[in-house]
Amino acid sequence: DTEVTQTPKHLVMGMTNKKSLKCEQHMGHRAMYWYKQKAKKPPELMFVYSYEKLSINESVPSRFSPECPNSSLLNLHLHALQPEDSALYLCASSQDQLGARETQYFGPGTRLLVL
Amino acid sequence: AQSVTQLGSHVSVSEGALVLLRCNYSSSVPPYLFWYVQYPNQGLQLLLKYTTGATLVKGINGFEAEFKKSETSFHLTKPSAHMSDAAEYFCAVSDGSARQLTFGSGTQLTVLP
């Protein structure tokens, strides 16, 4: 089973709202990733967790707050977002982050619209 | 530093024709190379990857790619296009010491009936 699940599929939120995106995998992977993807663009890395510790933060604004409660679960907490944050948010996981040679398995994404 | 260039942001082929999507990379050390496909409103799915060993890599859905070190290329091919191949394709590189993938800008493949 190479499935990464993400909920919700779609999310509409106002600029003052607080919401969370959820990602789950049961492949025993120890690295998990959040990406942001704008239309017709490649994914942009936001955060990487390795062994449940934040490994990479690509200078993401603090209105995005990641959390890794356990090795199977990854959350992205959203607060005071801007309309330009509207995008497809993709979660991915890999066996390990070592050398980035491991295959990353992607979830279907959450399409976020900020009004 | 590593980088990826995908030549042609849009490629159109007729159904049954050869598919050729171009990818050139830059890496200071032997790279790991990946091709991902993204169907509309979906996540990315791995088509194939090259790490070491045989330079001709076969993937899912009849796709294959050849690693050519002298040309720093990793072009994706499929002998006969199918309508279901219409999607966005991303080439990605990791040089092993990097802690993340670097994606190309993507190629939108259209298959004409």
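For the structure itself, consult the block above.
Counting starts from 1 at the beginning of each chain's written sequence and moves along it residue by residue. Naming scheme: in the order in which they are written, chains are lettered from A and ligands are numbered from 1. In keeping with the model being predicted, local features are shown solely for residues with a pLDDT of at least 70 and side-chain atom pairs are shown and tallied solely at 80 or more, while totals for entire chains, interfaces and linings include all residues. Excluding hydrogens and water, the side-chain figures rest on all heavy atoms present in the structure.

1. Looking at the pattern of salt bridges
All names here are of chain A. Salt bridges are defined as contacts in which a side-chain nitrogen from Lys or Arg sits within 4 Å of a carboxyl oxygen from Asp or Glu. By the definition in use, this model includes six salt bridges over all chains. For the salt bridge of E52 with R30, the shortest nitrogen-to-oxygen distance reads 3.2 Å. Note that E52 is positioned in the loop between β5 (44–50) and β6 (53–57) and R30 in the loop between β3 (18–25) and β4 (31–37), a separation of 22 residues in sequence. Of the residues examined, E52 reaches a relative accessible area of 35% and is grouped as partly exposed. Look at R30 and you get partly exposed, because its relative accessible area is 28%. Two residues, R63 and D85, come together in a salt bridge whose shortest N-O distance is 2.7 Å. Remark: D85 occurs in the loop between β8 (73–79) and β9 (87–94) and R63 occurs in the loop between β6 and β7 (64–70); sequence separation between them is 22 residues. To qualify as a helix, a DSSP run of H or I must reach at least 4 residues; to qualify as a strand, a run of E must reach at least 2; elements of each kind are numbered from the N terminus. A 1.4 Å probe rolled over the protein chains alone gives each residue an accessible area, and that area as a share of the maximum for its type sets the label: buried under 20%, exposed over 50%, partly exposed in between.

2. Observations concerning the state of the cysteines
Cysteine sulfur pairs qualify as disulfides if the two atoms are within 2.5 Å. For the coordinates displayed, the defined rule picks out two disulfides over all chains. Disulfide pairing is shown between A:C23 and A:C91; the S-S distance is 1.9 Å. Taking the torsion about the sulfur-sulfur bond, which here is approximately -70°, the covalent link between A:C23 and A:C91 counts as left-handed. Of the two residues, A:C23 sits in strand β3 while A:C91 sits in strand β9, which places them 68 residues apart along the sequence. Residue classification places A:C23 among the buried residues on the basis of a relative accessible area of 0%. Look at A:C91 and you get buried, because its relative accessible area is 0%. The side chain of B:C23 participates in a disulfide bridge whose partner is B:C91; the two sulfur atoms lie 2.0 Å from each other. Because the torsion about its S-S bond is -65°, the bridge between B:C23 and B:C91 counts as left-handed. A residue pair is termed long-range when its members are at least 10 positions apart, and B:C23 in strand β3 (residues 19–26) and B:C91 in strand β9 (residues 87–94) qualify at 68 residues.

3. Here we look at the nonpolar core
The criterion is simple. A nonpolar core is a set of buried Ala, Val, Leu, Ile, Met, Phe, Trp, Tyr and Cys residues joined through side-chain atoms within 4.5 Å. Membership of the largest hydrophobic core comes to 27 residues, with the highest contact counts inside it found for B:W35, B:L48, B:L76 and B:Y89. Of all elements in the fold, only β2 (10–14), β3, β4 (32–38), β5 (44–50), β7 (64–68), β8 (73–78), β9 and β11 (107–112) of chain B reach the threshold of two or more residues within this core.

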